[in-house]
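Read off the chains here:
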Amino acid sequence: MFIVRERHLEALARARSDDFVRRAARDLRKRHARLDGVPEQGLQGWIAQSMQDAERYHLRTEAEVVTFLEYRLLYGHDFPEGEDHTWALAILTDEAIDVPERLVRLDEMHARFCLMSPEQEAP
């Protein structure tokens, strides 16, 4: 009889996480040419750290984490904690709305920024 121990579950979780990091790195490279010169180990480390950061905002599914990674690529590594991203931090920490709605609101704000004229500033 095989007994599943905590260490077995942890090993499976690590393997799944490592697999996600590799797939995310591959997919991000396909969509973002500026990652072409970034060493694989560096990109995977950045993704792993960003996954931990995303967890603070209850972003746990692969799709949620990929969305977070995309925004971090667009707005910089200090997203959403940086002073230029207070709008995003307010959305991501709003406990009154569920995670899917938070991501919809991020998308809406990002779309507004994309449509703004150059002389307008983001909130």
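No experiment lies behind these values; they were computed from the predicted model shown.

Participant: How should I be thinking about the packing of helix α2 (residues 40–55) against helix α3 (residues 62–75) in this particular structure?
Facilitator: For any two helices packed against each other, one specifies the inter-axial angle together with the distance between the axes. Contact geometry for α2 and α3: axes closest at 10 Å, N-to-C directions at 115°. For the element pair α2 / α3, the angle class is roughly perpendicular. Along this stretch, α2 crosses α3, giving a crossing that reads as right-handed. On α3, the residues that touch W46, I47, S50, M51, D53 and A54 of α2 are V65, F68, L69, R72 and L73.

Participant: I keep staring at the nonpolar core and nothing clicks. Help me out?
Facilitator: One broad trend across soluble globular proteins is that nonpolar side chains are buried collectively. I47, L59, F79, W87 and L106 are the most contacted members of the largest nonpolar core, which has 28 residues in total. Secondary-structure elements contributing two or more residues to this core are α1 (6–31), α2, α3, α4 (86–92) and α5 (99–115). Not counting chain neighbours up to four residues away, the residues in contact with I47 comprise V21, A24, A25, L28 and L69.

Participant: I keep staring at the environment of P80 and nothing clicks. Help me out?
Facilitator: Looking at where P80 falls in the secondary structure, it is placed in the loop between α3 and α4. A C-alpha to C-alpha distance of 9.6 Å links P80 and D53, two positions 27 residues apart in sequence. The contact partners of P80, leaving out residues within four places of it in the chain, are Y57, F68, R72, H85, A88, L89 and L92.

Participant: Mind showing me how you'd approach α3 here?
Facilitator: Its 14 residues place the ends of α3 20 Å apart at the C-alpha level, agreeing with the 20 Å of an ideal helix rising 1.5 Å per residue. What α3 keeps buried is the set E64, V65, F68, L69, E70, Y71, R72 and L73. Just beyond α3, the residue with positive phi is G76, at close to 110°.

Participant: Is there a simple way to think about the layout of surface pockets in this case?
Facilitator: Left-over empty space is what a probe sized like a water molecule reveals as it rolls over the atoms. In this model, the largest pocket occupies a volume close to 230 Å³. What lines the largest pocket is a set of 12 residues, and nearest its centre among them are R16, F20, M51, R60 and V65. Of all the elements in the fold, those that place two or more residues in the lining of the largest pocket are α1, α2 and α3. Per element, the largest residue contribution to the lining of the largest pocket is four residues, and it comes from α1. Looking at the lining of the largest pocket, its residues break down into five nonpolar, three polar and four charged.

Participant: Which parts of the structure should I look at to understand the side chain of S50?
Facilitator: With respect to the helices, strands and loops of the structure, S50 is situated in helix α2. Its relative accessible area of 0% is what places S50 among the buried residues.

Procedures and definitions
- Residues numbered from 1 in each chain as written.
- Predicted model: local features only at pLDDT ≥ 70, side-chain atom pairs only at ≥ 80, totals over all residues.
- Heavy atoms only, no water.
- Axes fitted to C-alpha atoms, helices over the stretch in contact; angles between N-to-C directions.
- Helix = DSSP H or I, 4+ residues; strand = E, 2+ residues; numbered from the N terminus.
- Parallel < 35°, antiparallel > 145°, perpendicular 65-115°, else oblique.
- Left-handed = near helix turned anticlockwise from the far one by under 90°.
- Contact = heavy atoms within 4.5 Å.
- Core = buried A, V, L, I, M, F, W, Y, C linked by side-chain atoms within 4.5 Å.
- Buried < 20%, exposed > 50% of the residue type's maximum accessible area, 1.4 Å probe, protein only.
- Expected span 1.5 Å × (residues − 1).
- 1 Å grid on protein atoms, 1.4 Å probe; cavity = no way out; pocket = protein on both sides within 12 Å on 5 of 7 lines; lining within 4 Å.
- Points joined across faces, edges and corners; volume = space filled by probe spheres on them.
- Nonpolar A, V, L, I, M, F, W, Y, C, P; charged D, E, K, R; others polar.

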